[in-house]
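Reading the structure
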Amino acid sequence: GTPTLRLFKPKKKQSKKGSHADKTVVDYRQERKVKDMQQFVEEQMPNHVERIVFEDDFRKMQAKASKYGLAQAIFFTSKAQTTALLKYLSTEFRRRLLVVHIPPTTKNQQWIEEFGVTVPSLVVVTSTGEKITYTGDDFTRRKLERFLKEYATVEPVYHPVQVESSEQESEEAVKDREKIHVEL
């Protein structure tokens, strides 16, 4: 039909690490109304937000953050669904900062009480464990980007920063020594 609308989005599995060259083409086949087009685009947005629904989810997220040495941007929202703004921030800061969404459920009340915040709020937990609360008057994209940029790593982190176990560390040390010995 005319006009034809197509969305080109990066594939999840890229042939080259860190690239966005491989694309998937999605045709828009709904009504040509602004609200429908906006909903289509928001549904197609990449979503790298860590959603906390159960207590186990929170522990897994903390383990992931410490494994990769990343700060956590924890959003306490009044919305049950992940918003387009959170999806955008999770993509913008992917592998540099974990964007976490804690929706308003009775199970998540313990996190609201533990952090001592009201809804909506944003708390950044740095890689050292320091908790910083966002004190801005509104949650606009530009203000949140500026605030989160201070706590995100400069370069994306693709590999764990901690060695899983001392046994694995010793195996790697032995391999390094053998490699040096062979080179000599």
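Basis of the calculations
- Numbering of residues begins from 1 in every chain and follows the order in which that chain's sequence is written.
- Local features in this predicted model are restricted to residues whose pLDDT is 70 or higher, and side-chain atom pairs enter the listing and the counts only when it is 80 or higher, whereas totals over whole chains, interfaces and linings include all residues.
- With hydrogens and water set aside, each side-chain value is computed from the structure's full complement of heavy atoms.
- Paired strands, as defined in this entry, are two strands with at least two bridges between them according to DSSP.
- Secondary structure is summarised from DSSP: a helix means a run of H or I of at least four residues, a strand means a run of E of at least two, and numbering begins at the N terminus for each.
- Whether two residues are in contact is decided by their heavy atoms, any of which lying within 4.5 Å being enough.
- Fitted lines through C-alpha atoms serve as axes, helices being fitted only where they are in contact, and the angles separating the N-to-C directions of these axes extend from 0 to 180 degrees.
- pLDDT is defined as a per-residue confidence score from the predictor, taking values between 0 and 100.
- Remark: exposure states derive from per-residue accessible area (1.4 Å probe, protein chains only) relative to the maximum for the residue type, with buried under 20%, exposed over 50%, and partly exposed in between.
- Note on handedness: a crossover is taken as right-handed if, strands pointing away from the viewer, the path from the first strand over the helix to the second is clockwise.
- In this scheme, a crossing is called left-handed if the near helix is turned counterclockwise away from the far one by less than a right angle; it is called right-handed if the turn is clockwise.
- As a working rule, the residues Ala, Val, Leu, Ile, Met, Phe, Trp, Tyr, Cys and Pro are called nonpolar, Asp, Glu, Lys and Arg charged, and the rest polar, with Gly in that last group.

**Observations concerning the sheet that holds strand S7 (residues 131-133)**
One key point about sheets: their strands pair by backbone hydrogen bonds, in either a parallel or an antiparallel sense. With mixed pairing, the 5 strands of this open sheet are ordered in space as S3-S5-S4-S6-S7. For this open sheet the edge positions go to strand S3 (50-51) and S7, each flanked by a neighbour on one side alone. Here strand S4 (residues 72-76) runs beside strand S6 (residues 121-125); their pairing, made up of 5 bridges, is antiparallel. Across the sheet, the residue bridging to Ile74 is Val123, located in S6. Of the strands in this sheet, S3, S4 and strand S5 (98-102) are in contact with helix H2 (residues 55-68), which crosses S5 at around 170 degrees. Seen against the sheet, helix H5 (residues 141-149) touches S4, S6 and S7 and runs at an angle of roughly 20 degrees to S6.

**As for the confidence of the model for the protein**
Averaged over the protein, the pLDDT score is 85; the fraction of residues at 70 or greater is 86%. Within the protein, the element-level pLDDT minimum falls on helix H6 (residues 166-183), averaging 51, and the maximum on S4, averaging 96.

**Quick look at the pairing of S5**
Within S5, 5 of the 5 residues are buried, leaving the element largely enclosed by the surrounding structure. Side chains Leu98, Val100 and Ile102 of S5 all project onto a buried face; the interleaved residues Val99 and His101 project onto the opposite face, where all are buried too. With 2 bridges connecting them, S3 and S5 associate as parallel partners. Pairing of Glu50 across the sheet is with Val100, part of S5. Across 5 bridges, S4 lies against S5 in parallel orientation. Residue pairing for S5: Ile74 is matched across the bridge by Val100. With respect to chirality, the unit in which S4 leads through helix H3 (residues 84-92) into the neighbouring parallel S5 is right-handed.

**Looking at the packing of H3 against H5**
Following both chains from N to C, one finds H3 and H5 inclined at 35 degrees, their axes separated by 11 Å at the closest point. Both H3 and H5 take part in a crossing whose hand is right-handed. Facing H3, whose interface residues are Leu85, Tyr88, Leu89 and Glu92, H5 presents Arg141, Leu144, Glu145 and Leu148. Considered class by class, the residues forming the contact of H3 with H5 number 5 nonpolar, no polar and 3 charged.

**A few points about the pairing of S4**
Among the 5 residues in S4, 5 count as buried, and that is most of the element. Neither face of S4 is open: one carries Gln72, Ile74 and Phe76, the other Ala73 and Phe75, and all of them are buried.

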